[in-house]
Amino acid sequence: MTISRQLTGLTFASVFFSLSCSAHALSPAGEVSADIRRTAFGVPHIRAHDERGLGFGIGYAYAQDNLCLLANEIVTVNGQRSRYFGPDQFTVEERENRVSDVFFNWLNTPEAVDTFWQAQPAQVRDLVEGYAAGYNRYLDERRQQGLPQQCQGEWVRQIAPQDLVKLTRRLLVEGGVGQFAEALAGATPPQATAAVEHDRQAYQLADARQQRFALDRGSNAVAVGSERSFNGRGMLLANPHFPWVGGMRFYQMHLTIPGKLDVMGAALPGLPLINIGFNQHLAWTHTVDSSKHFTLYRLQLDPKDSTRYLLDGKSLPMNKQTVTVQVKQADGQVVAVSRDIYSSQFGPIVQWPGKLDWDKQYAYSLRDANLENDRVLNQWYAMNQTSTLQQLQDSVHKIQGIPWVNTLAVDDQGQTLYMNLSVVPNVSADKLAQCSDPRTGTQLIVLDGSNSACAWDVDPHAAQKGIYAASQLPQLLRKDFVQHSNDSAWLANPAQPLSGFSPLISQDGQPLGWRSRFALDRLATLSKKGPLAVKDLQHMVMDDQVYLATQVMPDLLKFCAASLGANAQALKPLCASLKAWDGRANLDSGVGLVHFHNIMQALQDLPDLWRVAFDPNDARHTPRGLAIEQPVVAEALREAMLASVESTAKMGLKPQSRWGDIQVVSSGGQQTPIHGGPGTLGIYNAIQSVPREDGKFEVVSGTSYLQVVTFDENGPHAQGLLAFSLSSDPASKYSRDQTEAFSKKRWSVLPFTEQQIQADPQYQVQTVRETPGNAGKVAAQ
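Residues numbered from 1 in each chain as written. Predicted model: local features only at pLDDT ≥ 70, side-chain atom pairs only at ≥ 80, totals over all residues. Heavy atoms only, no water.

**Considering the overall build of the protein chain**
- Check the secondary structure of the protein chain and you find 22 helices and 31 strands.
- For the protein chain, the C-alpha radius of gyration of 27 Å lies close to 28 Å, the compact-globule estimate for 781 residues.
- Taken along the three principal axes of its C-alpha coordinates, the protein chain extends 80 × 70 × 55 Å.
- For the protein chain, the proportion of contacts with a sequence separation of at least 24, taken over those separated by at least 6, is 70%.
- Of the roughly 30,400 Å² of accessible surface on the protein chain, a fraction of 50% belongs to carbon and sulfur atoms.
- Taken together, the 69 basic and 76 acidic charged side chains of the protein chain have centroids lying 3 Å from each other. (Helix = DSSP H or I, 4+ residues; strand = E, 2+ residues; numbered from the N terminus. Rg over C-alpha atoms; globule rule 2.2 N^0.38 Å. Contact = heavy atoms within 4.5 Å. Areas by Shrake-Rupley, 256 points an atom, 1.4 Å probe, with all protein chains shown as cover. Lys, Arg positive; Asp, Glu negative; His and termini not counted. Charge placed at Lys NZ, Arg CZ, Asp CG, Glu CD.)

**A short note on the nonpolar core**
- Counting residues in each nonpolar core, the largest one holds 235 residues, and the members touching the most others are Phe596, Ile599 and Met641.
- Residue contributions to this core peak at 15 residues, all from helix 2 (residues 51-77). (Core = buried A, V, L, I, M, F, W, Y, C linked by side-chain atoms within 4.5 Å. Buried < 20%, exposed > 50% of the residue type's maximum accessible area, 1.4 Å probe, protein only.)

**Side note on helix 6 (residues 122-145)**
- Helix length check: helix 6 (24 residues) gives 35 Å between terminal C-alpha atoms against 34 Å at 1.5 Å per residue, within 8%.
- Remark: Gly146 follows helix 6 within two positions and exhibits a positive phi of approximately 110°. (Expected span 1.5 Å × (residues − 1).)

**Regarding the state of the cysteines**
- The full count for this structure, using the stated rule, is three disulfides.
- With a sulfur-sulfur separation of 2.0 Å, Cys68 is cross-linked through a disulfide to Cys151. Judged by the sign of its S-S torsion, about -55°, the cystine formed by Cys68 and Cys151 is left-handed. One end of the pair, Cys68, is in helix 2; the other, Cys151, is in the loop between helix 6 and helix 7 (161-172), with 83 residues separating them in the sequence. Here Cys68 matches Cys151 in class, with each residue buried. (Disulfide = S-S within 2.5 Å.)

**A closer look at the pattern of salt bridges**
- Under the defined criterion, the tally for this structure stands at 29 salt bridges.
- Residue Glu129 pairs with Arg52 through a salt bridge whose shortest N-O separation is 3.5 Å. Of this pair, Glu129 sits in helix 6 while Arg52 sits in helix 2, and the two are 77 residues apart along the sequence.
- The partner of Glu141 in a salt bridge is Arg137, and the shortest N-O contact between them spans 3.0 Å. With Glu141 and Arg137 both in helix 6 and four residues apart, the pair spans about one turn of that helix. As far as burial versus exposure is concerned, Glu141 and Arg137 are alike and both buried.
- Within this structure, Asp35, Arg37, Arg47 and Glu754 form a network of salt bridges that share partners. (Salt bridge = Lys/Arg side-chain N within 4 Å of Asp/Glu carboxyl O.)

**Some thoughts on the UniProt feature "active site" (unreviewed entry) in the protein chain**
- Using the residue numbers shown here, the UniProt feature "active site" (unreviewed entry) corresponds to Ser219.
- By the element assignment, Ser219 lies in strand 4 (residues 219-224).
- Ser219 gets classed as buried once you look at its relative accessible area, which sits at 1%.
- The contact partners of Ser219, leaving out residues within four places of it in the chain, are Asn239, Pro240, His241, Phe242, His286, Thr287, Val288, His484, Ser485, Asn486 and Arg515. (UniProt positions renumbered as here; feature names shortened; annotations may be inferred.)

**Here's the deal with helix 13 (residues 514-527)**
- Under the 1.5 Å per step criterion, the end-to-end length of helix 13 is 20 Å for 14 residues, consistent within 8% with the ideal 20 Å.
- Among the 14 residues in helix 13, ten count as buried, and that is most of the element.
- Taken together, the buried positions of helix 13 are Trp514, Arg515, Ser516, Arg517, Phe518, Ala519, Leu520, Arg522, Leu523 and Leu526.
- Residues of helix 13 that are buried in the fold lie against strand 4, strand 5 (235-243), strand 21 (481-484), helix 14 (534-542), helix 15 (547-561) and strand 22 (610-612).

**A few points about the packing of helix 2 against helix 6**
- Packing of helix 2 against helix 6 leaves a shortest axis separation of 6 Å and a crossing angle of 50°. On the basis of the axis angle, helix 2 is oblique to helix 6. In this structure, helix 2 meets helix 6 at a crossing whose hand is right-handed.
- Grouping the constituent residues of the contact of helix 2 with helix 6 by class yields 15 nonpolar, six polar and seven charged. (Axes fitted to C-alpha atoms, helices over the stretch in contact; angles between N-to-C directions. Parallel < 35°, antiparallel > 145°, perpendicular 65-115°, else oblique. Left-handed = near helix turned anticlockwise from the far one by under 90°. Nonpolar A, V, L, I, M, F, W, Y, C, P; charged D, E, K, R; others polar.)

**Some words on the packing of aromatic side chains**
- Scanning all chains against the criterion turns up 22 aromatic pairs.
- Between the aromatic rings of Phe180 and Trp352, the centroid separation amounts to 5.7 Å while the plane-to-plane angle is 80°, which identifies the pairing as edge-to-face. With Phe180 in the loop between helix 7 and helix 8 (181-185) and Trp352 in the loop between strand 15 (349-350) and strand 16 (362-368), the pair connects residues that are 172 residues apart, well separated along the chain.
- Phe180 sits in the buried class, given a relative accessible area of 1%. (Phe/Tyr/Trp six-rings, centres within 6.5 Å; stacked < 30°, edge-to-face > 60°.)

**Concerning the confidence of the model for the protein chain**
- With 92% of its residues at a pLDDT of at least 70, the protein chain reaches an overall mean of 93.
- Predicted confidence for residues 1-29 stays below pLDDT 50, and this span has 48 contacts to residues more than four positions away or in other chains.
- This stretch, residues 192-196, has a pLDDT under 50; its non-local contacts, to residues over four places away or in other chains, come to three contacts. (pLDDT = per-residue confidence, 0-100.)

**Some words on the environment of Leu70**
- Structurally, the position occupied by Leu70 is in helix 2.
- In this structure Leu70 comes out as buried when scored by relative accessible area, which is 0%.
- Each C-alpha atom of the pair Leu70 and Gly246 lies 8.4 Å from the other, and the pair is 176 residues apart in sequence.
- Those residues within four positions of Leu70 in sequence are excluded, and the remaining contacts are Tyr62, Tyr131, Tyr135, Ile159, Leu167, Pro269 and Gly270.

**Concerning the packing of helix 6 against helix 10 (residues 376-385)**
- Contact geometry for helix 6 and helix 10: axes closest at 10 Å, N-to-C directions at 100°. Regarding the angle of helix 6 to helix 10, the classification is roughly perpendicular. Here helix 6 contributes Gln123, Val124, Leu127 and Val128 to the contact with helix 10, which in turn contributes Leu377, Asn378, Tyr381 and Gln385.
- Its residues assigned to classes, the contact of helix 6 with helix 10 comprises five nonpolar, three polar and no charged.

**Some points on unusual backbone geometry**
- With omega at 0°, the peptide bond leading from Thr622 into Pro623 counts as cis.
- Structurally, the position occupied by Pro623 is in the loop between strand 22 and strand 23 (624-626).
- Of note in the backbone geometry, Phe41 takes a positive phi value of approximately 65° without being a glycine.
- Of note, the phi angle at Lys745 is positive, near 60°, even though the residue is not glycine.
- For Lys745, the location among the structural elements is in the loop between helix 20 (737-743) and strand 30 (748-749).

**Things to note about the environment of Ser291**
- Within the secondary structure layout, Ser291 lies in the loop between strand 9 (282-288) and strand 10 (294-302).
- Each C-alpha atom, one on Ser291 and one on Val424, is 6.9 Å from the other, the two residues being 133 residues apart in sequence.
- Excluding its chain neighbours within four sequence positions, the residues that come into contact with Ser291 are Asn420, Ser422, Val424, Leu504 and Ile505.
- Separated by 3.3 Å, the side chains of Ser291 and Asn420 make a polar contact. (Polar contact = N/O pair within 3.5 Å; in protein donor to acceptor, adjacent residues only side chain to side chain.)

**Here's the deal with the pairing of strand 5**
- Taken across its nine residues, strand 5 has nine buried, putting it largely inside the fold.
- Where strand 4 meets strand 5, six bridges bridge the pair, whose relative direction is antiparallel. Each bridged residue has a counterpart across the sheet, and for Asn220 the counterpart in strand 5 is Asn239.
- As defined by bridge partners, strand 5 adjoins strand 28 (residues 705-712) across four bridges and the pair is classed as antiparallel. Pairing of Met235 across the sheet is with Thr710, part of strand 28.
- The pairing of strand 5 with strand 27 (residues 697-703) spans three bridges and is antiparallel. When the sheet's bridge partners are listed, Phe242 is paired in strand 27 with Gly702. (Pairing = 2+ DSSP bridges.)

Structure (structure tokens):
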């Protein structure tokens, strides 16, 4: 049974709310139901009496807004894309279907999924089972109306809790083996007669995807404490940078179980809890960390057999797992195609031509710490229920379920907390020195797989074998501020550096990213003006300053003012655009921004680029200044400028072009201009966009869920936005509304109290109930 009403006034809303509560109080024992109360932008406030009901409401509401998105992701994590769409098509992540299917059939075996499920506490199981049932209920109802155009086909089906486990396991390995899908699916023993042909383009795409990982899933966060905030209580800016499409697309919601849970924020698809958000006393967010969550092992192979490896001098056979993928042929027939995946005791064999080659002497095995992390859902649900920073910290110490992100939090008493407490392999600096080749550096950790002494250490205090105990990881409690923008833990607050950790955890003495430099510079400037206010945190994102320009623009203009010789005429428009540019990435910022990006991207790997080199003792202010007086730098700069002139001409850009004409996001045949830009330029409002054939840039990731949370004696006050809007269905009225608000830099109040929720002009109530017949329709697969 589904009850839906639109209420027109606060009085009627209050009356109905009271009646609704009374009705629930009299509901038959065991009935599963939830109230879905939507406010402005369609944000659902979901309330139920228990976890099963809450999960049911979440799944139902999510399906209303993102039915096709979740259906598509379910096909992906079940390794069935080739079956329904053919092997040569690509996923949202630009991964070939056949590769994706091999990977997910390897990852999500029935045994692995069941092991994960059996490890879940009853409350988490109830949430997940309810979510699946709620999704299925809405799918049944929508089928009667007709499915949306983008998800009509036999691949759209009812789901089971196991499907949501598979989604969760995909999330877990995003920071590890998930980046090596091509290398895992393509790993083949060396052939005696001929080398195996590898798809060079697929590996190029994989390499680019790996390089983009921290950009597509980056983040900024600032937690301000009592010593710096306007009212002596905690303030939090959450600014995660996540994909605007696909399985990492945030969803905004408010979850309530009276007397037990009251939390609002954003969650990833398929998760019946809040990942980033706030409750009555706390607010928290995450940033992708720089810690290592996997290591490679170089295996010494048995000279007689390339599928055997030597460990402590003993020859051991690799395990061979046959993965079968159903593949749709050109004539529509579906045939089974099998692929053998090899693994050592450390993990699967991965082969990356030119980088990680499997020849007759060596092979590479990958061990991902998060493959054994079955605690992630329980971790976030525990965080959702905490009421003090100490409880929050204790829950993470005990459960250790955070996969590959930092946590920054504040409370209503004015404390701030930074924790780099994710799942990290227990490999000390000493072991790294003994077991790895120093020439490989620390970008990829490659250990000696022929020596059992190089296995990860086991700490009895850790929640999982082979990872660091939480007490050994960086964390900082302060009353002024902590901040983070995807660098190491080192300078979360420069007044108290975090150093001395294994390189797998955090590296100090390394150059900071430009967003971190911007944040520290802005916070220092604001501190001279007095206590921080809400608008100060909002402006850090919304004023779209290009911080790198403050460090190099005088040199660029000086170079332009000098004699440019034969290139003077060709470079005159570019130099004019740089001079006229306002140094920001606003909608009305000029084409100088495009030129600046092109130039700095071309110069980023140039040796001796900086006039003032990086100094670990002055990491906040170095490097800086372009060494244009050096002939090599001057020549590279000239070439970069000429290349930018050619590039912008091909794009069809004119001197009068503005950034809002160039960077857009498309939905339902309409385009919305988007401010912000590449985080590599020090733009805090980091937006990743890709070139289109028409000369524009289409946004694919970046600023996603925004929240600024403060507290007073009555609880939280939050403002925020979901930059890409709540619904991924172009036909939904909630598919572009928040995007337009984001484009106009209009933050929205996030209603949290009952009074705020019911007073919202867009307030709607829908009660959904799970009937016995509906519960029985949850398909097992």
